[in-house]
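# Descriptive analysis of the structure
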Amino acid sequence: MAHDTQAEAAKPATDDPVLATFRKSIDNIDAAIIHMLAERFRITQAVGEYKARVTLPPADPAREQRQIARLRGLSEEADLDPEFSEKFLRFIIDEVIRHHEKARED
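Here goes a summary of the coordinates provided. (Residues numbered from 1 in each chain as written. Predicted model: local features only at pLDDT ≥ 70, side-chain atom pairs only at ≥ 80, totals over all residues. Heavy atoms only, no water.)

## A few points about a positive patch on the surface
On the surface, Arg40, Arg63, Arg66 and Arg70 cluster together to form a positively charged patch. In terms of residues, the positive patch owes the most to one element, helix α3 (residues 61-77), which gives three residues. (Patch = residues over 30% accessible without salt bridge, like charges linked within 9 Å, V, L, I, M, F, W, Y side chains within 5 Å. Areas by Shrake-Rupley, 256 points an atom, 1.4 Å probe, with all protein chains shown as cover. Salt bridge = Lys/Arg side-chain N within 4 Å of Asp/Glu carboxyl O. Lys, Arg positive; Asp, Glu negative; His and termini not counted. Charge placed at Lys NZ, Arg CZ, Asp CG, Glu CD. Helix = DSSP H or I, 4+ residues; strand = E, 2+ residues; numbered from the N terminus.)

Below is the structure:
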């Protein structure tokens, strides 16, 4: 019986149909995240161009804080670490602001 356990341990993970199903789901979710981020950045690009045109500042700290608080709450409801969610959102916001500053310079 020990030999069977060793054979299972030596089996490549790619041959495991359960793992393959999980990974396919993860791959689909990753693709959806990328498409959602692309759409979000298309919209924020338009916001940046608008802000540049009407001379609004690239950043809106009050809105950012409201968004972070709102998404932390959603994270808690979804049983997702709010600290992770905040770091992820902050990363996105910082990138959006960078784009808005660039739009203002153009």
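We are not done yet, so read on.
## A few points about the pattern of salt bridges
Under the defined criterion, the tally for this structure stands at six salt bridges. A salt bridge links Arg98 to Glu95, with the shortest nitrogen-to-oxygen separation between them at 2.5 Å. Within this pair, Arg98 and its partner Glu95 are both found in helix α4 (residues 82-105), separated by three residues, close to a single helical turn. On the basis of relative accessibility, which here comes to 44%, the residue Arg98 falls in the partly exposed class. Residues participating in the shared-partner salt-bridge network are Glu64, Arg90 and Asp94. (Buried < 20%, exposed > 50% of the residue type's maximum accessible area, 1.4 Å probe, protein only.)

Function cannot be inferred from these measures alone, as they are strictly geometric.
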